[in-house]
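What the coordinates show
For reference, the chains in residue letters:
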Number of protein chains: 2
Amino acid sequence: MALEIRPSQALRLWRQVHLDLVHDGQADLSARQTAILLTIYLELPPHTVRGLAQQLGVTKPVITRALDTMGKLGLVTRRRDEFDRRNVVIQRTVAGALAVERLADLVVQRARELGPG
Amino acid sequence: MALEIRPSQALRLWRQVHLDLVHDGQADLSARQTAILLTIYLELPPHTVRGLAQQLGVTKPVITRALDTMGKLGLVTRRRDEFDRRNVVIQRTVAGALAVERLADLVVQRARELGPG
DNA sequence: CGATAATGATACGGACCCGTAACGATCGGG
DNA sequence: CCCGATCGTTACGGGTCCGTATCATTATCG
């Protein structure tokens, strides 16, 4: 079920969605933060700092700081793992789920509006 | 020629491309910077600081700083407009064009790999 | 126990970015 | 000519992020 898209379409889609994100005054997330957020919301729990760091190929402090920021924005929450208290389990929030959902709708909508070529 | 894509597909595509960008050690551009870069490379020249600021709905210093950063990365160049020396014309570079092209191919490739649902 | 390993958080110096405000340079009309 | 308008840049104070190194806490295993 491959999704066929031409390079020029891909670029216009990419640009338009980013323009929308900037325009809507959403949090100006970096590529890293976006990757972290979507990983948390798309991959199966549980998510740990170490696991996310491995998946992204970055150091642990990067994840910790990103979680700090997203926590302030209400996009994720952290909780101690009671079975292994060294671990921290990253949890989703309603606000985060809504933000992800809004992003999905944005991409779908802008893709639908793409002209040929 | 609408491009049909489901929300879950959109999210997986978005996540995977961002993961690739992080992994490939590309510059960790923010949403704003990405929007600026793609606007320069997709919209017809000439591009000015003021024009970009209007299109993105941000202040001029934001554009100036983004151009500083992308200039260091070799993605864009600036030149004085000789007809109206108040203006600065933003120009594309070979490196920038290659980076944009690579992004396009990345999106196309990851879209092709998307499963259904 | 005690030693070792593993996890996530923190400290540090440096870099970048933000928004507001001010600035120098340039144009253009009276 | 000069004065206002316009352009892009810079200054400022505050915030975030980076990578490296180190830390406290907790688990594991001899």
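Residues numbered from 1 in each chain as written. Chains lettered and ligands numbered in written order. Predicted model: local features only at pLDDT ≥ 70, side-chain atom pairs only at ≥ 80, totals over all residues. Heavy atoms only, no water.

1. Some thoughts on the overall build of chain A
Scanning chain A from terminus to terminus reveals five helices and two strands. Helices and strands in chain A line up, N terminus first, as α-α-α-α-β-β-α. Principal-axis analysis of the C-alpha atoms places the extent of chain A at approximately 55 × 30 × 25 Å. Taking all 117 residues of chain A together, 46% fall into the buried category. Contacts in chain A between residues far apart in sequence, at least 24 positions, make up 56% of those at least 6 positions apart. Element-wise, carbon and sulfur atoms account for 52% of the exposed surface of chain A, whose accessible area totals about 6200 Å². Charge-centre separation for chain A: the mean point of 17 positive side chains lies 6 Å from the mean point of 12 negative side chains. (Helix = DSSP H or I, 4+ residues; strand = E, 2+ residues; numbered from the N terminus. Buried < 20%, exposed > 50% of the residue type's maximum accessible area, 1.4 Å probe, protein only. Contact = heavy atoms within 4.5 Å. Areas by Shrake-Rupley, 256 points an atom, 1.4 Å probe, with all protein chains shown as cover. Lys, Arg positive; Asp, Glu negative; His and termini not counted. Charge placed at Lys NZ, Arg CZ, Asp CG, Glu CD.)

2. Details of the protein's contact with DNA strand D
Around DNA strand D there are 22 residues in total, and A:Gln33, A:Thr69, B:Arg50, B:Lys60 and B:Thr64 lie nearest to it. In the model, a phosphate oxygen of DNA strand D is placed 3.1 Å from a nitrogen or oxygen of the A:Arg85 main chain. Those elements that provide at least two residues to the surface near DNA strand D are helix H2 (31–42) and helix H4 (60–72) of chain A together with helix H3 (49–56) and helix H4 (60–72) of chain B. For the surface near DNA strand D, the residue count by class is six nonpolar, six polar and ten charged. (Near = heavy atom within 4 Å. Polar contact = N/O pair within 3.5 Å; in protein donor to acceptor, adjacent residues only side chain to side chain. Nonpolar A, V, L, I, M, F, W, Y, C, P; charged D, E, K, R; others polar.)

3. Re the packing of helix H3 (residues 49–56) of chain A against H4(A)
Residues and elements named next belong to chain A. Two elements in contact, H3 and H4, have axes separated by 8 Å at closest approach and are oriented at 115°. One finds that H3 runs roughly perpendicular with respect to H4. Crossing of H3 against H4: the hand is right-handed. Contacts from Val49, Leu52 and Ala53 in H3 reach Lys60, Ile63, Thr64 and Leu67 in H4. (Axes fitted to C-alpha atoms, helices over the stretch in contact; angles between N-to-C directions. Parallel < 35°, antiparallel > 145°, perpendicular 65-115°, else oblique. Left-handed = near helix turned anticlockwise from the far one by under 90°.)

4. Regarding the pattern of salt bridges
Applying the stated criterion across every chain yields a total of twelve salt bridges over all chains. The shortest N-O distance in the salt bridge between B:Arg86 and B:Asp84 comes to 3.0 Å. When its relative accessible area of 24% is taken as the criterion, B:Asp84 is described as partly exposed. In the salt-bridge network here, residues are joined through shared partners; they are A:Asp20, A:Arg110 and A:Glu113. (Salt bridge = Lys/Arg side-chain N within 4 Å of Asp/Glu carboxyl O.)

5. Observations concerning the relation of the copies chain A and chain B
Of the two same-sequence chains, chain A is brought onto chain B (RMSD 0.1 Å, axial shift 0.0 Å) by a rotation of 180°. Between the two chains, the operation in question is that of a two-fold axis. No C-alpha of chain A lies nearer the rotation axis than that of A:Ser30, which sits 2.1 Å from it. When the interface residues of chain A are mapped onto chain B, 100% of them again lie at the interface, so the same face is used by both copies. (Least-squares fit on C-alpha atoms with pLDDT ≥ 70 in both.)

6. Quick look at the nonpolar core
Ranked by internal contacts, the top residues of the largest apolar core, which has 80 residues, are A:Val76 and B:Val76. Residues contacting A:Val76, with those up to four places away along its chain left out, are A:Leu37, A:Ile40, A:Tyr41, A:Leu67, A:Met70, A:Gly71, A:Ile90, A:Gln91 and A:Thr93. (Core = buried A, V, L, I, M, F, W, Y, C linked by side-chain atoms within 4.5 Å.)

7. Observations concerning the protein's contact with DNA strand C
Near DNA strand C, the surroundings consist of 21 residues, among which A:Arg50, A:Lys60, B:Arg32, B:Gln33 and B:Thr69 are the closest. For DNA strand C, the fraction of atoms within 4 Å of the protein that belong to sugar or phosphate moieties is 71%. Contacts to DNA strand C include A:Val49, whose backbone N or O atom sits 3.3 Å from a phosphate oxygen. Between B:Arg32 and DNA strand C, the recorded distance is 2.8 Å, taken from a side-chain N or O atom to a phosphate oxygen. Those elements giving two or more residues to the surface near DNA strand C turn out to be H3 and H4 of chain A together with helix H2 (31–42) and H4 of chain B. Ranked by the residues each element gives to the surface near DNA strand C, the list is headed by H4(B), at five residues. Along the lines of polarity and charge, the residues of the surface near DNA strand C split into five nonpolar, six polar and ten charged.

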